Amino acid sequence: MVQRIIERGEIESLDHTALPRLLLPETAEATFTARTKRLADLAAGKVAGIAFNPALSGYLNLMREVTAAQAEIAAELSATDLDMPDQKSLDLALEHMMPPLAAQLKRPAIWHAILNKLIDKLAHSNNGERIELNAVLTSLRALNEEELDEQADAVLAQRHEDVNPAQAPFIAAALQILWTARAAKLKQQQVPMLETFTLCPVCGSHPVASVIRIGGQSQGYRYLTCGMCASQWHMVRIKCASCEQNGKISYQGLDPIDAPEPAAAPDNKANDPRKYVRAETCGDCHCYTKIFNQEHDYNAEPFVDDLASLTLDILVSEAGYTRGNTNPLLWFGENA
Ligand SMILES: [Zn+2]
Ligand SMILES: [Zn+2]
C-alpha cells in the first residue's frame, strides 16, 4: 500500500498552532446568562448527565440568583470601570510570560462597589426571608476595604484556612464579574503561554474543571476553565491539572458503565449521558479534576456543572482523592 504523502498545507493544519490554545469569554453578560439558564435546569434535575441531588436544589437556586445578578451588573460596567492595562503593561506581561490581568497583583478598587451592588440585588430579592442569607449579606457589608481585599487574596490563592466559607462565594462572584468582563476585552495574541498549564494564562487564577469540546478546530480537545475570568485554555488529555504528571491517571464516573473503556470500545456513540462527567484522578498527587464531555451534552457549562455534580466529588473523595482546585462558589467550612 502506498503511503499517502501529506501536503504542506495539511502539515500546517496538523500543527499545534492551528489549535486555539485559548478561548476568551465573548462577553461577561453572555457568560453569566448562560450559567443562569444552566443552573435553572440543574436545580430542576433536567440535566440527564448529572445525577440529580434534591438536597442541592436550594443551593443551586441561590447560585442562580447570584449568576443572574452577575449578568445584570456586568451589563452596566463602563470602559472606565474595566480599567484595562495599557499597551506597555500588556507588552511587559507578554515578554515575561505573565498573566496580563493577574488578579492577585492589581485589582481595580471598583470591585468593592461591584460587591456592594451584588449584595444589594441579593438582599432585594431575598427581602429578609432567608435568615442565613441575610446574616451573610449583613456580615459582608460590615467588612472594610482592607478586610475585603484580604478575603479576596485568600479566595484567589485558595488558602482555605483564611477563607470565610460563607462570605467567599459572594466575594468570588464580585471578582468574577470584573475579571470576566476584562478578559472579554482581550485578544488571544495579548495573552502569553505560561510555563505552567495549571493556572489561567489570563488572570493567574486556578481552574475549576475541564471540558472536552466539540465543534470547529477545538473538536475533541480538552480545555481547563478558569474559576475567575471564565477563559478556557487547552491542556492535553490524560494529564493531571494539578501536578502535570501523566503516569498514574485514571477515570471515575458515577455509572459503572463509565469505568475506563477497553481500548477497542465498539460503542462510541455521542449523547450518552452516562459518559458526560468523569473525574480524572492522579495517583502522583492524589488530586482529581472533573472532565465534562460536550459530546455527551452540547450545553456543557463546566463551572456550574461542577457545582451540581457534588455526588461525584463524594464518591471520588471516598476513594482517597482530594479536589485539585476549589470552585470559588462552593467552600466547605472545615476550618470555620
Ligand atoms: Zn482567568
Ligand atoms: Zn497530579
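Worth saying up front: this structure is predicted, and the values here are computed from it rather than measured.

Reading guide: rules and limits
- Residue numbers here run from 1 along each chain, matching the order of that chain's written sequence.
- Key to labels: chains lettered from A, ligands numbered from 1, both in the order written.
- Confidence filtering applies because this is a predicted model: local features only for residues at pLDDT of at least 70, side-chain atom pairs given and counted only at 80 or more, and all residues used for totals across whole chains, interfaces and linings.
- Here the side-chain values reflect all heavy atoms present in the structure, with hydrogen atoms and water set aside.
- By nonpolar core we mean a set of buried residues, namely Ala, Val, Leu, Ile, Met, Phe, Trp, Tyr and Cys, connected to one another through side-chain atoms within 4.5 Å.
- Burial classes: relative accessible area under 20% of the type maximum marks a residue as buried, over 50% as exposed, and values in between as partly exposed (1.4 Å probe, protein chains only).
- Put simply, DSSP H or I for four residues or longer makes a helix, DSSP E for two residues or longer makes a strand, and each gets a number counted from the N terminus.
- Each domain's extent is set by a domain assignment, obtained either automatically or from a database.
- Two residues form a contact once any of their heavy atoms are found within 4.5 Å.
- Any N, O or S atom lying within 2.8 Å of the metal counts as a donor, and for Na, K and Ca the limit rises to 3.2 Å; water is left out, so some sites can look incomplete.
- Here an angle of 0 to 180 degrees is reported between the N-to-C directions of two axes, which are lines fitted to C-alpha atoms, with helices fitted over the stretch in contact.
- Here is the rule for angles: anything less than 35 degrees is roughly parallel, anything more than 145 is roughly antiparallel, 65 through 115 is roughly perpendicular, and the remaining ranges are oblique.
- Should the near helix be turned anticlockwise from the far one by less than a right angle, the crossing is left-handed, and should it be turned clockwise, the crossing is right-handed.
- The residue classification treats Ala, Val, Leu, Ile, Met, Phe, Trp, Tyr, Cys and Pro as nonpolar and Asp, Glu, Lys and Arg as charged. All others, Gly included, are polar.
- The salt bridge criterion pairs a side-chain nitrogen of Lys or Arg with a carboxyl oxygen of Asp or Glu, the two atoms within 4 Å.
- UniProt positions are given in the numbering used here, feature names are shortened, and annotations may be inferred rather than shown by experiment.
- When DSSP locates at least two bridges between a pair of strands, those strands are taken to pair.
- Only protein atoms enter the 1 Å grid used here, on which a cavity is any set of points holding a 1.4 Å probe that cannot leave and a pocket is any open set flanked by protein within 12 Å on both sides along at least five of seven lines; residues with an atom within 4 Å of a point are listed as lining.
- Grid points are joined across faces, edges and corners, and a volume is the space filled by probe spheres set on the points.
- Under this scheme a four-donor centre is tetrahedral when all angles range from 85 to 135 degrees, a four-donor centre is square planar and a six-donor centre octahedral when opposite donors are above 155 degrees with the rest from 65 to 115, and any other centre is irregular.

Enquirer: Any chance you could explain the nonpolar core here in plain terms?
Expert: Across soluble globular proteins, nonpolar side chains show a tendency to be buried alongside one another. If you look at the biggest cluster of nonpolar residues, it comprises 85 residues, and the most contacted ones within it are W111, L115, I171, W179 and V202. Looking at this core element by element, the count peaks at 12 residues for helix α9 (residues 168-183). Split by domain, the residues of this core number at least three in each of domain 1 (26-186) and domain 2 (207-263 + 270-323). Apart from the residues lying within four places of it in its own chain, the contact partners of W111 are L148, D149, A152, I171, A174, L175 and L178. Of all hydrophobic cores here, the second largest spans six residues; its members include I212, C240, Y251 and C282.

Enquirer: It is not clear to me how the coordination of the zinc ion (ligand 2) should be interpreted in this structure. Could you clarify?
Expert: Put simply, a metal with four donors set out as a tetrahedron has ideal angles of 109.5 degrees, and one with six donors set out as an octahedron has ideal angles of 90 or 180 degrees. Listed as protein donors to the zinc ion (ligand 2) are C240 (SG), C243 (SG), C282 (SG) and C285 (SG); their distances from the metal cover 2.3 to 2.4 Å. Overall, the relative accessible area of 1% leaves C282 in the buried class.

Enquirer: Explain the packing of helix α2 (residues 28-43) against helix α3 (residues 57-76) to me, please; I cannot follow it from the model alone.
Expert: In a pair of packed helices, the angle between the axes and the distance between the axes together describe the arrangement. One way to put it is that α2 packs onto α3 with a least axis distance of 8 Å and a crossing angle of 160 degrees. Here α2 lies roughly antiparallel to α3, going by the angle between them. In this structure, α2 meets α3 at a crossing whose hand is left-handed. Only S57, L60, N61, M63, R64, T67, A68, Q70, A71, A74 and A75 of α3 make contact with α2, whose side of the interface consists of A28, E29, F32, T33, R35, T36, L39, A40, L42 and A43. Each residue belonging to the contact of α2 with α3 can be placed in one class, and the counts come to 12 nonpolar, six polar and three charged.

Enquirer: It is not clear to me how the environment of A279 should be interpreted in this structure. Could you clarify?
Expert: As for its placement among the helices and strands, A279 is situated in strand β6 (residues 277-282). Look at A279 and you get buried, because its relative accessible area is 0%. Residues A279 and S210, spaced 69 residues apart in sequence, show a C-alpha to C-alpha distance of 9.8 Å. Apart from the residues within four sequence positions on either side, A279 is in contact with S250, Y251, Q252, Y288, T289, K290, L312 and V316.

Enquirer: Before we go on, may I ask you to explain the pattern of salt bridges in this structure?
Expert: A side chain of one charge can pair with a side chain of the opposite charge when the charged atoms of the two come close. Inspection of the entire model under this criterion finds 18 salt bridges. R222 is paired through a salt bridge with E280; the nearest N and O atoms lie 3.2 Å apart. Of this pair, R222 sits in strand β3 (residues 222-226) while E280 sits in strand β6, and the two are 58 residues apart along the sequence. Accessibility classification places R222 together with E280 in one group, the buried group. Taking the shortest distance from any N to any O, the salt bridge between D306 and K290 comes out at 2.9 Å.

Enquirer: Explanation requested: the UniProt feature "domain: FdhE central" (unreviewed entry) in the protein in the structure shown.
Expert: Per the UniProt record, "domain: FdhE central" (unreviewed entry) is annotated on residues 199-237. Span residues 199-237 is 0% helix and 36% strand, its end C-alpha atoms 16 Å apart.

Enquirer: What should I look at first to understand the pairing of β3 in this one?
Expert: Regular strands have side chains that alternate between both faces of the sheet. The buried count for β3 comes to five of five residues, which makes it a mostly enclosed element. Of the two faces of β3, both are covered, the one formed by R222, L224 and C226 as well as the one formed by Y223 and T225. Note: β3 against strand β4 (residues 232-234), three bridges, orientation antiparallel. Bridged to T225 within β4 is Q232.

Enquirer: Even after reading the chapter, I still don't get the layout of surface pockets, so can you show me in this structure?
Expert: Where empty space is left becomes clear once a probe the size of a water molecule has been rolled over the atoms. Roughly 830 Å³ of internal volume is contained in the largest pocket. In this structure, the largest pocket is lined by 28 residues; those nearest its centre are A34, R213, Q232, A300 and E301. The element contributing the most residues to the lining of the largest pocket is α2, with seven residues. Counting only domains with at least three residues in the lining of the largest pocket, you end up with domain 1 (26-186) and domain 2 (207-263 + 270-323).

Enquirer: Quick question: what am I supposed to make of the coordination of the zinc ion (ligand 1) here?
Expert: Around the zinc ion (ligand 1), the protein contributes the donor atoms C200 (SG), C203 (SG), C226 (SG) and C229 (SG), at 2.3 Å from the metal centre. The coordination sphere of the zinc ion (ligand 1) comprises four donor atoms, whose angles at the metal cover 99 to 117 degrees; the geometry is tetrahedral. Counting gaps between the donor residues of the zinc ion (ligand 1) yields the pattern C-x2-C-x22-C-x2-C. Of this pair, C203 sits in the loop between α9 and β2 (207-212) while C226 sits in strand β3; the two residues are 23 residues apart in sequence, bridging distant segments of the chain. Judged by relative accessible area, C203 falls into the buried class, the value being 2%.

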